[in-house]
Amino acid sequence: QVTSKGNYKHFMEKEMHEQPEVIQHTLSNYIDFASGKVRLKSELPFSFKDLRRITMSACGTAYIAGLVAKYWFERYARIPVDIDVASEFRYREAPMEEGGLSLFISQSGETADTLASLRYCRENGQHIASIVNVQESTIARESDAIFPTIAGPEIGVASTKAFTCQLSVLLSLVILAARERGKITVEEEAELVQAVSELPKFIRQALKLSEPITHIARRLSKVDNILYLGRGTSFPLALEGALKLKEISYIHAEAYAAGELKHGPIALIDESMPVVVIAPFDGSYEKTVSNMQEVAARDGQIILITDEEGAKHNSLEDCDVVVMPKVPEILSPIVYALPIQLLAYHTADFMGTDVDQPRNLAKSVTVE
Ligand code: G6P
């Protein structure tokens, strides 16, 4: 039964654990694993091949999914992407070249600012596509193309499974766009699809980290401020980590691109400041670690979320390390969403807040 918590304490906990399954479900709508190709169920009213730009807007966690996709679309499909929170986009009178693609991301499909942005883009001659979890929603109805997430109803106000399903859809579209634009070969597409096929397995492995993360969360539940750092696609994840934590635990959390540390937040670091560093062992690992050392030199308490290789290369002794499975680089923003969800969840649980219905927040914001 979808509206029952089953054996879980909160809907959020249940929804985190549903992720391997709902991601699998969602992906099967976009990818033909047998042939190693992205294959959509229906034809698109536009072609990625001819696109000169994608404009995305969304709110909250859905916006953060779009931010991850900007890195992906630009790097793998070589399409420039503009992204903004819908409450800014709708008013900033952005000039738009006729025939561009506007992509909206919304779990509920009813968020007022996202809908207003969609209408602005339609008036400005854009193709309108949306990634929605509720297929009967207003945003879905007003779109030329819908890319559904098959996450099932999400009850917890803090989005978890909708986020990773949005990322799974976006990743499928990135691979499709890269193929249509001739940026990847048939073999490379098959390799990416092979990597994507392993997502549910990696998510299951990441969920097993719930217990070690609980120990860290117990300490975090006693602090007043937390900083999150990441580079590349780990930067939006840092934003998501800070957002999730403040939403449900009410602890003040901020996220910065690791390279911006020196431009402000380093002034806040002392022994009372935990810093969560998201750093899979990829091309930006060394740079992020050097930022982490600047934090350590000022006695900040570090929580490093990395993989086995990253853990091996970490020379700091006095820090907590969450050791993730080694995953193909393109998948890390999806798999690393798990430890940050778990960290926020367990911290809030220790604090005894109303995790599923945090104060002052609504699941769907249908007013401006
Ligand atoms: C609210 C919810 C968030 C969600 C955001 C956007 O703030 O609490 O979890 O990410 O709205 O909602 P949408 O339905 O458009 O994805």
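Residues numbered from 1 in each chain as written. Predicted model: local features only at pLDDT ≥ 70, side-chain atom pairs only at ≥ 80, totals over all residues.

1. Notes on the overall build of the protein
Threshold: To qualify as a helix, a DSSP run of H or I must reach at least 4 residues; to qualify as a strand, a run of E must reach at least 2; elements of each kind are numbered from the N terminus. Radius of gyration: C-alpha atoms only; globule rule: 2.2 Å multiplied by the number of residues to the exponent 0.38. Note on burial: count the other C-beta atoms lying within 10 Å of the residue's C-beta; 20 or more is buried, 12 or fewer is exposed, in between is partly exposed, and C-beta positions come from the backbone.
Looking only at helices and strands, the protein features 15 helices and 12 strands. Against the compact-globule benchmark of 21 Å for 368 residues, the protein has a radius of gyration of 20 Å, which places it among compact chains. Over its C-alpha atoms, taken along the principal directions, the protein stretches across nearly 55 × 45 × 40 Å. Relative to its 368 residues, the protein shows a buried fraction of 51%.

2. Side note on the environment of Tyr 256
Where we set the bar: The contact criterion used here is simple: two residues whose C-beta atoms, placed from the backbone, lie within 7 Å are in contact.
Assignment of secondary structure puts Tyr 256 in strand S9 (residues 252-257). Considering only alpha carbons, one finds Tyr 256 and Val 367, 111 residues apart in sequence, at a separation of 29 Å. In this view, Tyr 256 contacts Leu 227, Leu 229, Leu 261 and Pro 265; residues no more than four positions away in its chain are not counted.

3. Some details on the nonpolar core
The criterion, for reference: Any set of buried Ala, Val, Leu, Ile, Met, Phe, Trp, Tyr and Cys residues joined through C-beta atoms within 7 Å is what this text calls a nonpolar core.
Ranked by internal contacts, the top residues of the largest apolar core, which has 118 residues, are Leu 170, Val 174, Val 277 and Val 335. Among the elements that take part in this core, helix H7 (residues 161-180) stands out by supplying 13 residues, more than any other. Residues within four places of Val 174 in sequence aside, it is in contact with Ala 69, Trp 72, Phe 73, Tyr 76 and Ala 77.

4. A few points about the packing of helix H3 (residues 60-77) against helix H11 (residues 234-249)
A pair of packed helices is characterised by two quantities: the angle between their axes and the separation of those axes. Selection criterion: Interaxial angles span 0 to 180 degrees and are taken between N-to-C directions of axes, which are lines fitted to C-alpha atoms, for helices over the stretch in contact. For classification purposes, an angle smaller than 35 degrees is called roughly parallel, one larger than 145 roughly antiparallel, one from 65 to 115 roughly perpendicular, and anything else oblique. Note on convention: the crossing is left-handed when the near helix lies turned anticlockwise from the far helix by less than a right angle, right-handed when the turn is clockwise. Each residue is assigned to one class: nonpolar for Ala, Val, Leu, Ile, Met, Phe, Trp, Tyr, Cys and Pro, charged for Asp, Glu, Lys and Arg, and polar for all the others, Gly among them.
Running from N to C, H3 and H11 point in directions that differ by 165°, and their axes come no closer than 9 Å. Viewed along their axes, H3 and H11 adopt a mutual orientation that is roughly antiparallel. The way H3 lies across H11 gives a crossing that is left-handed. Between H3 and H11, the residues in contact are Thr 61, Ile 64, Leu 67 and Val 68 and Pro 236, Leu 239, Glu 240 and Leu 243, respectively. Classifying every residue of the contact of H3 with H11 by side-chain character gives 6 nonpolar, 1 polar and 1 charged.

5. Topic: the sheet that holds strand S10 (residues 274-278)
Rules: Strands are treated as partners if at least two bridges between them are detected by DSSP.
The strand order across the open sheet built from 5 strands is S9-S8-S10-S11-S12, with neighbouring strands paired in parallel fashion. Unpaired on one side and paired on the other, S9 and strand S12 (319-324) mark the two borders of the sheet. Within this sheet the neighbouring strands show an average axis-to-axis angle of 20°, counted without direction. Relative to S9, strand S8 (residues 225-230) is paired through 6 bridges, and the arrangement is parallel. Within S9, the position partnered with Leu 227 by the bridge is Glu 254. Across the face of the sheet, helix H10 (residues 210-220) comes into contact with S8, S10, strand S11 (301-307) and S12 while running at roughly 145° to S12.

6. Digging into unusual backbone geometry
At Arg 78, a position not held by glycine, the phi torsion is positive, near 55°. Tracing the chain through its elements places Arg 78 in the loop between H3 and strand S4 (81-85). Although it is not a glycine, Glu 93 sits at a positive phi angle of roughly 50°. Positionally, Glu 93 belongs in the loop between helix H4 (86-89) and strand S5 (101-106). Classification of Glu 93 as exposed rests on a count of 9 C-beta atoms within 10 Å.

7. Topic: the site of the ligand
Selection criterion: Nearness here has a simple definition: the residue's C-beta atom, placed using the backbone, must lie within 6 Å of the molecule or strand.
Taken together, 16 residues sit near the ligand, with Gly 60, Thr 61, Ser 106, Ser 108 and Thr 111 positioned nearest. If one sorts the elements of the shell around the ligand by residue count, H3 sits on top with 3 residues. Its residues assigned to classes, the shell around the ligand shows 6 nonpolar, 9 polar and 1 charged.

8. Notes on the sheet that holds strand S7 (residues 145-148)
Spatially, 5 strands are ordered S4-S3-S5-S6-S7 in an open sheet, and the strand pairing comes out parallel. The strands lining the two open edges of the sheet, one partner per strand, are S4 and S7. For this sheet, the mean inter-axis angle between neighbouring strands, taken without regard to orientation, is 20°. As paired strands, strand S6 (residues 127-132) and S7 are joined by 4 bridges and run parallel to one another. In the sheet register, Ala 129 faces S7, and the bridge partner there is Ala 145. Contacts between H3 and the sheet are confined to strand S3 (54-58), S4 and S5, with S4 contributing the most and set at about 170° to the helix.

9. Thoughts on helix H15 (residues 337-351)
How we decide: An expected span of 1.5 Å times one less than the residue number is assigned to each helix.
In this model H15 runs 21 Å from its N-terminal to its C-terminal C-alpha over 15 residues, within 8% of the 21 Å that 1.5 Å per residue would give. Counting buried positions along H15 gives 13 out of 15 residues, so the element sits mostly inside the fold. One or two residues past the end of H15 sits Gly 352, with phi positive at roughly 75°.

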